[in-house]
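Letter by letter, the chains look like this.
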Amino acid sequence: VPLSTVLKHLRLSICQLEDISIRCVSCIAFIDAVMLMSSLWGAFGSLIGLFYAGMQVMVPCLPPVPLSTSVFTTDEYMGSWHFVAVAVWDEDDLKSFETTDSSVLHIQRGENDTLTVIERARVGDQCQKNKWTYVTMPLMEHFLFRSDYNTIALVWDGKFINCSSCIILLFVDEDEATSAMLFARSEKIPDEVIKEFKSKMECVYMEDFAQAPLKQGYCKLDEAA
């Protein structure tokens, strides 16, 4: 399915939310910006990069250009990432996080321009293991596509929230649920980083927020069933 079709469908569906007065405008602007970057970045990367940097000066909370997959698939970003917090546009999209005490992602390169993502999550008293494959495409260098094409992802460097050891993953699934998830290399990060993430997400109207409780600790790989 062409990415432009997916994004246009998402753009129209967002407008069907009950509370569209502000959120719809913000969501449309966000999706339109992603579509614009996807269309033009390959041909005018340097020029668009300078333009976008200038836009950020005028609109400080505007997200930076997402990491390209050629950057994200380097050794710098492989390995383990601890889930810290999540922000969403629709409060109902937080329900899937309510029973999760902690979660760790382990990202590694696979064959044929793929990434293997293994999650070890503590849900209630149980450790669960999930595994996904994401596909990269050179012509759409900012997007990660889950192998079943039911989910797309974008990645931002944590420098956006003053955390050089963090990343922000934006997921859009087949039900059009959108979530921005903060991950960190270490199990604990300063409260200031979490506050900055929450503030930046609120600035783009992702006002519903949840933080990992971390009451029972992280699952080890051999604990996850």
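Predicted model, so just to flag it, every value in this text is computed and none were measured.

Conventions we followed
Residues numbered from 1 in each chain as written. Predicted model: local features only at pLDDT ≥ 70, side-chain atom pairs only at ≥ 80, totals over all residues. Heavy atoms only, no water. pLDDT = per-residue confidence, 0-100. Contact = heavy atoms within 4.5 Å. Buried < 20%, exposed > 50% of the residue type's maximum accessible area, 1.4 Å probe, protein only. Helix = DSSP H or I, 4+ residues; strand = E, 2+ residues; numbered from the N terminus. Pairing = 2+ DSSP bridges. Disulfide = S-S within 2.5 Å.

## So, the confidence of the model for the protein chain
Item 1. Looking at the protein chain as a whole, its pLDDT mean stands at 80, while 71% of the residues score no less than 70.
Item 2. A low-confidence stretch, residues 6-11 (pLDDT under 50), is modelled with 14 contacts involving residues beyond four sequence positions or located in other chains.
Item 3. Contacts for the low-pLDDT stretch residues 40-45, under 50 throughout, to residues beyond four places or in other chains number seven contacts.

## A look at the pairing of strand S6 (residues 151-157)
Item 1. Along S6, seven of the seven residues are buried, which leaves the element largely enclosed by surrounding structure.
Item 2. Burial along S6 is two-sided: Thr151, Ala153, Val155 and Asp157 and Ile152, Leu154 and Trp156, pointing in opposite directions, are all buried.
Item 3. Relative to S6, strand S5 (residues 144-146) runs antiparallel, the two being bridged by two bridges. In the strand pairing of S6, Leu144 is matched with Ala153.
Item 4. Following S5, the chain reverses through four residues before pairing antiparallel with S6; Tyr149 in that reversal takes a positive phi of roughly 60°.
Item 5. Looking at chain direction, S6 and strand S7 (residues 166-173) are connected through seven bridges and run antiparallel. Its bridge partner lying in S7, Thr151 is registered against Asp173.

## Some remarks on the state of the cysteines
Covalent bonding between the sulfur atoms of two cysteines is what defines a disulfide.
Item 1. Following the criterion strictly, the structure yields two disulfides and no others.
Item 2. Across the disulfide from Cys127 sits Cys219; the S-S distance is 2.1 Å. Note on the Cys127 and Cys219 pair: the S-S dihedral is about -90°, so by sign convention the disulfide is left-handed. Residue Cys127 is located in strand S4 (residues 126-136), and its partner Cys219 is located in the segment after strand S9 (208-211); the two are separated by 92 residues in the primary sequence. The two residues Cys127 and Cys219 agree in class, both being buried.

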